[in-house]
Amino acid sequence: MLDLNRAVALVLLAFSSGYLYLAYSYHLLPFERFLSVKPNTMPMGLAIGGIICSLFILIQPQVPDVEGDGTVNRPDGEYLQNPQNFNWGQGIGLLVLAAVYAVSLHALGFLFSTSAFLVLGGILLGERRYTFLIPIAITASVLVWYLVDEVLTIFLRPWPSWIF
Amino acid sequence: MLDGMLLGLETALSLQNILFAALGCFIGTIIGMLPGLGPMSIVAIMIPVSLQIGDPATTLILLAGVYYGAIFGGSTSSILINAPGEAAVVATSFDGYPLAQKGQAGKALTIAAISSFSGGTIGVVLLMFFAPALSSFAILFWSAEYFALMLLGLSAVSAFAGKGKVLKAVMMTLLGLMLATVGESSLFQAPRFTLGIMDLQSGINFVTLAMGLFAVPEAFFLAIDKIRGKKSSSKKSQEISNLRINRKEAKAILPVIGRQSIQGFLIGVMPGTGATIASFLGYAVERNLASPKEREEFGKGSIKGLSAPETANNAASTGSFVPLLTLGIPGSGTTAVLLGAFIALNLQPGPQLLHERPEVFWSVIMSMYFGNIILLVLNLPLVPYIARLLAIPRGYLIPFVLFFAMAGAYIGQNNSTELLLLLGFGVLAIILRFADYPLPPLLIGFVLGQMFEDNLGRAMRNANGIQFIWERPMTLMLIISAAMFILFPLLRDWLTSKHK
């Protein structure tokens, strides 16, 4: 049966094969052809190692999370395999929010996008005390920006790109 | 030598220098907690400010304080939020974070502080007495030996493999090594495996990968977790901030500190290896030395597993000053930046420094000793307050963890692609955690990958083949040790299953 463990091994096998193709077809510069170590020497070795390893993972028998004599091989195994334990909406929502934050940082600037991310993240996770949440989010954004941009002099665009 | 030590002691103990050492430790600790700003960046940022002081000894004392503080600050974010912003503190999170999850954040931070102090202090004593002798030993190491040392570091992955998972750990290491080949390399002319993406020309950023592999899944699992998510916000702050270590625990970490101080220092002495490999090897060695019962605890909140990398990385950081002070060769990225500070102060580190400016040479060494004491005195009282960060309600804690992880990758690059890459690695790490693939080996492979290929390439070019393996005894010895590191756990697994 193709469980998650073997499905990942299959993806790793495909990745290693693709990497091997890229390494094999790597365009060597004329002088590189005569070197003892070429730019694709180690990558080809790694790819072959990856293919062998993922094939072994695919075919080797699974180690049970808990063995017959009570030995626990994976303490959180039972917990992770029970979807009832999870609130998927909050987790996936947080990742989507993080992706939107990543894209908006340049367009909206650090201060606005960070404050919005922290406020919306808090709301998504059930925080409803807006009188705490909003001032904390804004203060944290301003403090981090001040520390990085003004004290450490590492440029961090505070405002939207279309303003400055 | 005694005259020089007394001269250094006198300089380091002046009120002005003690204050600057304390200021350096404080600044380093606070900024070091931000993922992405490791000791090297913080020291580099502080150089222009510190040069304003004028006095070379005071300037270097301040920078050494910043260096130590930054290392400790990095450990704090590793332990509390599983966000190792620097390669040298990745191993700290393996057991530090599980301890914090168990409600023992105060204890974890105390063990980290004591281990750092001990590693740093023993390192300084070794530096004082053996620096000249060790520097001549360090230059015996050529590319072949460095390659073998990297291989030994990579073999540490066996320490992260539970029963029947050695292959998975090896696969993850290979994946990390593959990711390390993306972009430019010092050995070859053109960037590789960039798939035409301009942002990958300079390779994958360490902070992006580390935050993606550790901090993003942590925030995700805290958010989706109906049971543990509630528990984290309801933990009693008293329990979290308790920093007591009992006699049994102190007895357990004492030999670890002794061993790892010496091992970490010796690894740090060799130019180019530094604190990262010392911490990984320290972790692996202590796991292999532990009793079967203690070994089970590694990765789940073992105090030995926390103490080993913390001691080793601090001892190695001190060790990296040996080639800098005695030969003028920077032993790590941070000491390379410090070399720049020496030059800006019209000082030339190397054999002449001890004779021409003994007050500078000895005051830097003495200030390291006092820097360690100041760091301990400064940080131990703060531990209960720092640890209480974990009692923050999840509605605030989780978005902040994610924000700090993303800020670490964004600061200095101002590049959104980096953040999307970070999230991509985060999703990959979440899937790998569900499928029970160990993630630390992936990061170890990535961190050591470029050095591994560079040294292998140079060694093969010098020898025109692989005969350097058996022609150089030190290389052969290190490679055999690496093979034993991998084979012993396999053999132990096989024997255990046979007895059953």
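Higher on the page you've got the structure.
For clarity, every value in this text was computed on a predicted model and none was experimentally measured.

### Describing the packing of helix H1 (residues 4-24) of chain A against helix H2 (residues 41-59) of chain A
Residue and element names in this part refer to chain A.
- In contact at an axis separation of 8 Å, H1 and H2 are set at 160 degrees when each is read in the N-to-C sense. Considered as vectors, H1 and H2 are oriented roughly antiparallel to each other. Crossing handedness for the pair H1 and H2: left-handed. Packed against H1, whose contacting residues are Arg-6, Ala-9, Leu-10, Leu-12, Leu-13, Ser-16, Ser-17, Tyr-19, Leu-20, Ala-23 and Tyr-24, the element H2 presents Pro-43, Met-44, Ala-47, Ile-48, Gly-50, Ile-51, Ser-54, Leu-55, Ile-57 and Leu-58 at the interface.
- Taken together, the residues that form the contact of H1 with H2 break down as 16 nonpolar, four polar and one charged.

### Examining the nonpolar core
- Of all hydrophobic cores here, the largest spans 194 residues; its most connected members are Val401(B) and Met406(B).
- A domain-level breakdown of this core finds at least three residues from each of domain 1 (4-84) and domain 2 (88-151) of chain A.
- Once residues within four sequence positions are removed from consideration, Met406(B) is found in contact with Ala98(A), Ala102(A), Leu419(B) and Leu422(B).

### Thoughts on the packing of helix H2 (residues 15-32) of chain B against helix H4 (residues 56-81) of chain B
All names here are of chain B.
- Where H2 meets H4, the axes come as close as 6 Å, and the angle between the chain directions of the two elements is 30 degrees. Compared by their axis directions, H2 and H4 come out roughly parallel. As for how H2 packs across H4, the hand of that crossing is right-handed.
- Grouping the amino acids of the contact of H2 with H4 by side-chain chemistry returns 19 nonpolar, eleven polar and no charged.

### Topic: the interface of chain A and chain B
- Contact with chain A, which involves 56 residues of that partner, is made by 57 residues of chain B.
- Here the side of chain A that touches chain B takes eleven residues from helix H4 (residues 88-108) of chain A, the largest share from any one element.

### Describing the environment of Thr114(A)
- Within the secondary structure layout, Thr114(A) lies in helix H5 (residues 110-124).
- With ten residues separating them along the chain, Thr114(A) and Ser104(A) place their C-alpha atoms 9.3 Å apart.
- Leave out the neighbours within four places in its chain, and Thr114(A) touches Ser141(A) and Phe403(B).

### Details of helix H22 (residues 416-434) of chain B
- Here H22(B) contains 19 residues, and its C-alpha end-to-end distance of 28 Å stays within 8% of the 27 Å for a straight helix at 1.5 Å per residue.
- Taken together, the buried positions of H22(B) are occupied by Leu419(B), Leu421(B), Leu422(B), Leu423(B), Phe425(B), Gly426(B), Leu428(B), Ala429(B) and Leu432(B).
- Where H22(B) is buried, its residues meet H1 and H4 of chain A together with helix H9 (206-224) and helix H21 (394-410) of chain B.
- Positioned one or two residues after H22(B), Asp436(B) has a phi angle of 65 degrees, which is positive.

About the thresholds
- Residues numbered from 1 in each chain as written.
- Chains lettered and ligands numbered in written order.
- Predicted model: local features only at pLDDT ≥ 70, side-chain atom pairs only at ≥ 80, totals over all residues.
- Axes fitted to C-alpha atoms, helices over the stretch in contact; angles between N-to-C directions.
- Helix = DSSP H or I, 4+ residues; strand = E, 2+ residues; numbered from the N terminus.
- Parallel < 35°, antiparallel > 145°, perpendicular 65-115°, else oblique.
- Left-handed = near helix turned anticlockwise from the far one by under 90°.
- Contact = placed C-beta atoms within 7 Å.
- Nonpolar A, V, L, I, M, F, W, Y, C, P; charged D, E, K, R; others polar.
- Core = buried A, V, L, I, M, F, W, Y, C linked by C-beta atoms within 7 Å.
- Buried ≥ 20, exposed ≤ 12 C-beta atoms within 10 Å, placed from the backbone.
- Domains from an automatic or database assignment.
- Expected span 1.5 Å × (residues − 1).

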